[in-house]
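This is what each chain is made of:
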Amino acid sequence: MKNIKILGTGCAKCTKTAELIEKIANELSIAIQITKETNPEVIMEYGVMSTPAVIINEVNVHSGSIPNTKAIESWLKA
Amino acid sequence: MFEIFTELATWLVVDVFGLSKATKLGDALHFFIEDTTKIFFLLLVMIYAIALLRASMNVERVRDYLAGKNKGVGYLLGSSFGAITPFCSCSSIPVFLGFTSAGIPVGITMSFLITSPLINEVAILLLLSLLGWKFTLLYIVVGMSVGILGGAFLDAIKAERWLQSFAAKALARGQNSSAGLQSQGINTLSFKERHNYAKNEMLEIFGRVWKWVIIGVGLGAALHGFVPDGWIQQHLGDGQWWSVPAAVLLGIPLYSNATGVIPIMESLIKQGLPIGTTLAFCMSTVAASFPEFILLKQVMQWRLLAVLFLLLLSAFTLIGWIFNLLSPFI
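Chain B appears in an unreviewed UniProt entry as Permease from Colwellia ponticola. Turning to chain B, the UniProt annotation filed under Subcellular location (unreviewed entry) states: "Cell membrane". In UniProt, chain B has this text filed under Sequence similarities (unreviewed entry): "Belongs to the UPF0718 family."

Named according to an unreviewed UniProt entry, chain A is Thioredoxin family protein originating from Colwellia ponticola.

Rendered as structure tokens:
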């Protein structure tokens, strides 16, 4: 199971990113565990400055915007 | 080239709605239609054009560039990058920490963060089209000076003492490790990638600011049409000294971005409010806001927040006084 973290200080885009990933994972029937991380100290430890950022199994795959559907599908299938 | 928007507004107000421009309502409506159509048009065209040019610019590259620069040029660079680098205000905390953990002094980081809301491409565009190039240039110089001097002042008083402890530790770590940065290298983008980026930027920024334009122009139109002619000129037109701090204080609880405030500036200046008072009011509305300060509390102690707040308020008051004094010569 993929462990996905969305990093962001609670902005609207971060919520949308999380919802989008959940929706696509459901469509593809891929089991994921998704959490939102809003603590600035933790975000700093991942070295992220542009939010929202997507961390999958502790690897930073994306930051700075809501990712597009294709990218999300490729991460989930990988 | 902007007459077409004046004509469009006249046609709608006079021919379609059957109002006279001599009435208060007709006048206010004319102002509203002319400004919103003009601003919307400019926003769509210019955001796309600017985004196309700066597609490869981001906060990560700015940080890599600023790290290790000496302080003198650091403030100037920090402030310049603040003016041209896009980032959402909801990212200001991660940006602050990212800069800090790269060992960039607090003052340079704050030069970046103070200038950023004051100057951006949308603000410059609106100023140019509504208030002319002289005023625009003045606004840019003043906005950057606040960022540069503010940053230098914060370093001079050793503001890093008053960071939250985890941020202070990250700063110390960053300053001790010179090789700590993983630079991303220069990524060259194809035209298609640039076009996609620019298109997304255009839709995203427009989606975010259009309502501010409506609100700002609406208030400007209300001022324009319904405040009795000469009232502002008569009561505040001489740039009475108290009117500047009063304008700054009034701007604090009002929270807007530059996009919403510039149409109001236009209207106030046309009504005869002195330029310094107008600048002070608008900068305070844009740059000193409670929501932003509450966010900064996560990385700064109350003491530093209070210093920053007072610093901005005194800077805006000073700007107001200086420009009211100088305005006969501008």
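There's more to say after this.
(A) The arrangement of the pattern of salt bridges in detail. All names here are of chain B. As enumerated under the stated definition, the model contains four salt bridges over all chains in all. The salt bridge partner of Lys270 is Glu266, with a shortest N-O separation of 2.9 Å. Of this pair, Lys270 and Glu266 are both found in helix α12 (residues 258-270), four residues apart, which corresponds to roughly one turn of the helix. For Lys270, a relative accessible area of 54% puts it in the exposed group. Judged by its relative accessible area of 3%, Glu266 falls in the buried class.

(B) Structural detail: the UniProt feature "transmembrane region" (unreviewed entry) in chain B. All names here are of chain B. When the UniProt feature table is mapped to this numbering, "transmembrane region" (unreviewed entry) covers residues 39-57, 77-99, 111-131, 137-157, 209-227, 239-256, 268-290 and 302-326. Along residues 137-157 one finds 95% helix and 0% strand; the C-alpha atoms at either end are 30 Å apart. The distance separating the terminal C-alpha atoms of residues 302-326 is 36 Å; by composition the span is 100% helix and 0% strand.

(C) Inspection of unusual backbone geometry at higher detail. The omega torsion of the bond from A:Thr51 to A:Pro52 falls at -5°, within 30 degrees of zero and hence cis. For A:Pro52, the position within the fold is in the loop between α2 (40-45) and β3 (53-56). In the Ramachandran plot, A:Asn57 falls in the positive-phi region, its phi being about 45° despite a non-glycine side chain. As for its placement among the helices and strands, A:Asn57 is situated in the loop between β3 and β4 (59-63). At B:Lys158, a position not held by glycine, the phi torsion is positive, near 55°. Position of B:Lys158 relative to the elements: it lies in the loop between α7 (121-156) and α8 (165-176).

(D) View of the sheet that holds strand β2 (residues 32-37) of chain A. All names here are of chain A. With respect to topology, four strands assemble into an open sheet ordered β2-β1-β3-β4, the strand pairing being mixed. Strands with a single pairing partner mark the edges of an open sheet, and in this sheet they are β2 and β4. Ignoring strand direction, the axes of neighbouring strands in this sheet form an average angle of 20°. Note that β3 and β4 share four bridges and pair antiparallel. Bridged to Ile56 within β4 is Val59.

(E) Structural detail: the interface of chain A and chain B. In this complex, chain A contributes 12 residues to the contact, which on the side of chain B involves 17 residues. Among the residues of chain A in contact with chain B, A:Pro40, A:Met44 and A:Met49 are the three that bury the most area, contributing 53% of the side total. For A:Lys13, the salt bridge is made with B:Glu204, and the minimal N-O distance between the two is 3.4 Å. Applying the counting criterion to the chain A and chain B interface returns two residue pairs in polar contact (both at pLDDT 80 or more). If one sorts the elements of the side of chain A that touches chain B by residue count, α2(A) sits on top with four residues. Partitioned by chemical class, the residues of the side of chain A that touches chain B number six nonpolar, four polar and two charged.

(F) A look at the packing of aromatic side chains. All names here are of chain B. The full count for this structure, using the stated rule, is four aromatic pairs over all chains. Look at Phe5 and Phe41: their rings are 5.5 Å apart centre to centre, the planes differ by 45°, and that puts the pair in the tilted class. Residue Phe5 is found in helix α1 (residues 3-16), and its partner Phe41 is found in helix α2 (residues 24-53); the two are separated by 36 residues along the sequence. Since its relative accessible area comes to 11%, Phe5 is described here as buried.

(G) Inspection of the UniProt feature "active site" (unreviewed entry) in chain A at higher detail. Under the UniProt annotation, "active site" (unreviewed entry) lies at A:Cys11 and A:Cys14. Mapped onto the elements of the fold, A:Cys11 is located in the loop between β1 (2-7) and α1 (12-27).

(H) Broad picture of the confidence of the model for chain B. All names here are of chain B. Across chain B, pLDDT averages 82, with 92% of residues at or above 70. The element-level mean pLDDT for chain B is lowest in helix α10 (residues 231-236), coming to 72, with helix α15 (residues 302-326) highest at 89. Confidence drops under pLDDT 50 across residues 179-186; counting only partners more than four residues distant or on other chains, this segment forms 10 contacts.

(I) View of the environment of A:Pro67. All names here are of chain A. With respect to the helices and strands, Pro67 occurs in the loop between β4 and α3 (69-77). What makes Pro67 buried here is its relative accessible area of 2%. Put simply, Pro67 and Lys16 are 51 residues apart on the chain and 9.8 Å apart in space, counted from C-alpha to C-alpha. Ignoring anything within four residues of it in the chain, the contact list for Pro67 reads Thr17, Leu20, Val54, His62, Ile72 and Trp75.

(J) Layout of the packing of helix α11 (residues 243-251) of chain B against α15(B). Residues and elements named next belong to chain B. Contact geometry for α11 and α15: axes closest at 9 Å, N-to-C directions at 140°. Between α11 and α15, the angle is such that the two are oblique. Where α11 crosses over α15, the handedness of that crossing is right-handed. Judged by residue contacts, Val244, Pro245 and Val248 of α11 engage Leu313, Phe316, Thr317, Gly320, Trp321 and Asn324 from α15. In terms of residue class, the contact of α11 with α15 is built from six nonpolar, three polar and no charged.

Rules behind the numbers
Residues numbered from 1 in each chain as written. Chains lettered and ligands numbered in written order. Predicted model: local features only at pLDDT ≥ 70, side-chain atom pairs only at ≥ 80, totals over all residues. Heavy atoms only, no water. UniProt positions renumbered as here; feature names shortened; annotations may be inferred. Salt bridge = Lys/Arg side-chain N within 4 Å of Asp/Glu carboxyl O. Helix = DSSP H or I, 4+ residues; strand = E, 2+ residues; numbered from the N terminus. Buried < 20%, exposed > 50% of the residue type's maximum accessible area, 1.4 Å probe, protein only. Pairing = 2+ DSSP bridges. Axes fitted to C-alpha atoms, helices over the stretch in contact; angles between N-to-C directions. Contact = heavy atoms within 4.5 Å. Buried area = accessible area lost by both parts, 1.4 Å probe. Polar contact = N/O pair within 3.5 Å; in protein donor to acceptor, adjacent residues only side chain to side chain. Nonpolar A, V, L, I, M, F, W, Y, C, P; charged D, E, K, R; others polar. Phe/Tyr/Trp six-rings, centres within 6.5 Å; stacked < 30°, edge-to-face > 60°. pLDDT = per-residue confidence, 0-100. Parallel < 35°, antiparallel > 145°, perpendicular 65-115°, else oblique. Left-handed = near helix turned anticlockwise from the far one by under 90°.

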